[in-house]
Every structure is written in structure tokens, then in C-alpha cells.
Amino acid sequence: MTTPATTPATPTPGPADSLLVRAARGERLDRPPVWFMRQAGRSLPEYREVREGTTMLESCRRPDLVTEITLQPVRRHGVDAAIFFSDIVVPLQAVGVDLDIVAGVGPVVEEPFRSRADLARLPELTPDLVPDITESVRLLVAELGATPLIGFSGAPFTLASYLVEGGPSRNHEHTKALMHGDPQLWHDLCARLAQIAGAYLTVQIDAGASAIQLFDSWVGYLSRADYERYVRPHSARALEAVAGRVPRIHFGVGTGELLGSMAEAGTECIGVDYRVDLLDALERTGGRYAVQGNLDPALLFAPWEVVEREVRRIVDEGRQAPGHVFNLGHGVLPTTDPTMLTRVVELVHSLGDDSA
Ligand code: CP3
């Protein structure tokens, strides 16, 4: 007779039971989970060291580097979630778009997208085009244990803006000209980008990501009417591709006027930039969604007393939400003193009883 293997009375908690997943799903917790957009990157000396001699895009496609860089802020700051180290243009590169990420500038596309013929240069994304992403996520999930990994994608509008402008843009004039001048081509372009974003998120979830964030960084440049007509249906398609699998966070910058609309694109958690109070964000989204945010990243350059007061205020406001994920209101600025980030994590952790 064989002795049955002993099973623990309670299963070991995994990332699916993490504070991040629970808060983003809309559970009120004793204290919010905390992570930072752009937590991996230039604010860390250990990041600058491993990136030495390797381009940004190469780094994003090498599982050994992706794993190391993603883990760095988890080790250093003790954040409650890891964000996959990559860039929003990686899936575009994977389908064959000729682009580069230029230091201090951002993504630059060799031949901007301007006509119907350009659609042929943007095939659908299939998992076989990104085996390295699957491998990186699997390696990370094995290393992270109970700490959840957040996968992400750029949203159709933000991706379209880089493709159409050919690089970062202040006014998005070519993008808006295409949107209004040839709406059919615009919708066809965004439908393809929604497929790419949805497939890219699916690859990350299939490999073990516990939550996802859709970044629509530049959508705050649109009016609500244009957003709802030309953009939201495509963001909704991308989000729909992963509905019901893991909690979804939907974030953009300067989106005070769009928050209600963005929430309705299909999300469990709405990302709030630093310009909008969490209480206003709750009102604008009908109190029906978890919120993520929203310390102003520039405040990390102010004296600690200021940062502490703001963190406490944001955590207090977040207690009114169905769920709150503490974050900055946009990415960590490269010259941020990393010890400030560690102190913010320690403070947020001290505001609840982690044993509860
Ligand atoms: O830590 C993390 O948040 C994960 C990594 C991450 C990067 N880019 C790494 C990166 C994530 C989530 C992104 C998403 C991304 N990329 C967005 C959406 C988020 C946002 O900030 O609104 C956007 C708009 C991009 C496009 C992009 N890529 C920009 C504007 C830049 C900065 C250009 C510069 O050099 O100032 C990049 C490059 C980039 N992506 C860096 C990093 C760490 C810097 C590259 C380097 O270290 O040399």
C-alpha cells in the first residue's frame, strides 16, 4: 500500500490570490497593493548596468534580460506586482514593422503608415511570431512565486499614433487627419491593431500573466466624441479578447474627460492619471470600477513630508473605491531617486495589516 502524499490543509497562496489581483477585481482590502508604471528602467543603476551595450528592442526580445530587468524593482522595492519589461511597439516589430526605439525620443517608425497599401505591412499577430515573449513570461512566473506579473499592450489609438506619425507626436496631426479624412482606412487600421493587441495580451496570459494593462497613453488628445466613435470600439475589441481571464486595467494620460468612456470599453480597473482626484474618478465612472493611481511622478522630487502626505491622502481616497491599486499617475521619471520609490512602498505597506 502506498502512503498518500500529504496535502497541506490550505493550499499555498499563488498570484491569483494576490492583493493586486483582488484589488483590481474590485475587492476592498485593508491596504492597496502597490506597483509603479515604468518601475523597471532608467531610475535603477542595476538596470543601466545590464542594458549597457544592448539596444532597447534587443533587450525586450532576450528572455534572460527581460527576466532580470523585470525582477529588479521587485527585489529592490518589494512592490506587490511585477510589470513585464517590454515596450508597446514590440508586437509591431514582431509582425514585421521596421522600427526602432531611440534613446531620449521613443519609438520611431521607418516608413509611416499613410495609405491603404500600408495595411499589407501590418499582418495579424500569431503566437509563433513571439515565442520569446512566451518564454520570458514563463521564466518570470516561475521566479516570481506568489507575486503577480502584469502583462501589457499598447491600445490601438496609441499604437496607430506611432505608426501614422512615424514617431512621438505633440499634436497627432497626421493621425487625426487619417481618422477624419479616411474613416474606413482608420477603422481598418485600428481593427488590425486591436487584433494584434488582443493576441499579444492572450500570449502573455497563456504563459502565466495574472493581470493585464492596456496603455492608451496618448488618447487624452481626443475629444470624447472622437474617442467614442473612432477609438473605443477598437480598444473594446482588444480588451474583449481577454475578458473573464484576468483583471484588466485600462490607462491613459490626460483622460479626465474620457474616464467614464474608457471604463465602458471593458475593464475591471480604470487607471487614473495624476491630474484627477480618485474621488472624481470614482464619480466619473459611477463607482463601478476599481481604480489605479495616482501619485504625481514629479512629486517624488519633493521633500519626503510632501510625498508622505500625498500617499496617505491617495490611500484614504482609495478606500472609497470598490478596489484600489496604488500607483503613480504616469511612469517613473528616469532621474527619480529610487530610494523614494522604496519609501513609498514601505509607507503603503505600513498602512494596513498584511496578516489580515
Ligand atoms: O517598468 C515598466 O513599466 C515596464 C516597461 C515599459 C517600457 N515601456 C519600457 C521602456 C512599459 C510598460 C512601456 C510602455 C510604453 N512604451 C508606453 C506606454 C506607457 C506610457 O509611458 O505611457 C509608451 C507610450 C511607450 C513608448 C516609449 N518607449 C517611450 C515614450 C519611450 C521613452 C523614450 C525615452 O528614451 O525617453 C520608450 C522607451 C522605453 N520603454 C524605455 C523603457 C525602460 C527607455 C529605454 C531605455 O532605457 O533606453
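Worth saying up front: this structure is predicted, and the values here are computed from it rather than measured.

(A) Up close: the overall build of the protein. From N to C terminus, the protein includes 14 helices and 9 strands. Its C-alpha radius of gyration of 20 Å places the protein within 12% of the 21 Å reference for a compact globule of 356 residues. If one aligns the C-alpha atoms of the protein with their principal axes, the spans along those axes are about 60 × 55 × 40 Å. A total of 356 residues make up the protein; the buried ones form 56% of that total.

(B) Inspection of the packing of helix H13 (residues 304-318) against helix H14 (residues 338-350) at higher detail. It is at 11 Å that the axes of H13 and H14 come closest, and there the two elements cross at 40°. Considering the angle they form, H13 stands oblique to H14. For the pair H13 and H14, the crossing hand works out as right-handed. For the pair H13 and H14, contact is made by Trp304, Val307, Glu308, Val311 and Arg312 and by Met340, Arg343, Val344, Leu347 and Val348, respectively. Class assignment of the residues belonging to the contact of H13 with H14 gives a composition of 7 nonpolar, no polar and 3 charged.

(C) Local environment of the pattern of salt bridges. Counted under the stated rule, the structure contains 19 salt bridges. For Glu264, the salt bridge is made with Arg232, and the minimal N-O distance between the two is 3.7 Å. One end of the pair, Glu264, is in the loop between helix H11 (259-263) and strand S7 (269-271); the other, Arg232, is in helix H10 (residues 224-240), and 32 residues separate them in sequence. In this structure, the salt-bridge partner of Arg313 is Glu317, at a minimum N-O distance of 2.9 Å. With Arg313 and Glu317 both in helix H13 and 4 residues apart, the pair spans about one turn of that helix. Classification of Arg313 as partly exposed rests on a relative accessible area of 29%.

(D) Structural detail: the site of the ligand. Taken together, the neighbourhood of the ligand is formed by 26 residues, with Arg38, Tyr47, Asp87, Gly104 and Ser217 sitting nearest. Within the backbone of Gly104, a nitrogen or oxygen atom sits 2.7 Å from an oxygen atom of the ligand. Protein contacts shield 91% of the accessible area of the ligand, which totals 870 Å² for the unbound molecule. At a threshold of 2 Å from the grid points, most atoms of the ligand map onto the largest pocket. Elements supplying a minimum of two residues to the shell around the ligand: helix H2 (45-51) and strand S3 (106-109). Class assignment of the residues belonging to the shell around the ligand gives a composition of 16 nonpolar, 6 polar and 4 charged.

Parameters and conventions
Residues numbered from 1 in each chain as written. Predicted model: local features only at pLDDT ≥ 70, side-chain atom pairs only at ≥ 80, totals over all residues. Heavy atoms only, no water. Helix = DSSP H or I, 4+ residues; strand = E, 2+ residues; numbered from the N terminus. Rg over C-alpha atoms; globule rule 2.2 N^0.38 Å. Buried < 20%, exposed > 50% of the residue type's maximum accessible area, 1.4 Å probe, protein only. Axes fitted to C-alpha atoms, helices over the stretch in contact; angles between N-to-C directions. Parallel < 35°, antiparallel > 145°, perpendicular 65-115°, else oblique. Left-handed = near helix turned anticlockwise from the far one by under 90°. Contact = heavy atoms within 4.5 Å. Nonpolar A, V, L, I, M, F, W, Y, C, P; charged D, E, K, R; others polar. Salt bridge = Lys/Arg side-chain N within 4 Å of Asp/Glu carboxyl O. Near = heavy atom within 4 Å. Polar contact = N/O pair within 3.5 Å; in protein donor to acceptor, adjacent residues only side chain to side chain. Areas by Shrake-Rupley, 256 points an atom, 1.4 Å probe, with all protein chains shown as cover. 1 Å grid on protein atoms, 1.4 Å probe; cavity = no way out; pocket = protein on both sides within 12 Å on 5 of 7 lines; lining within 4 Å. Sits in = over half its atoms within 2 Å of the grid points.

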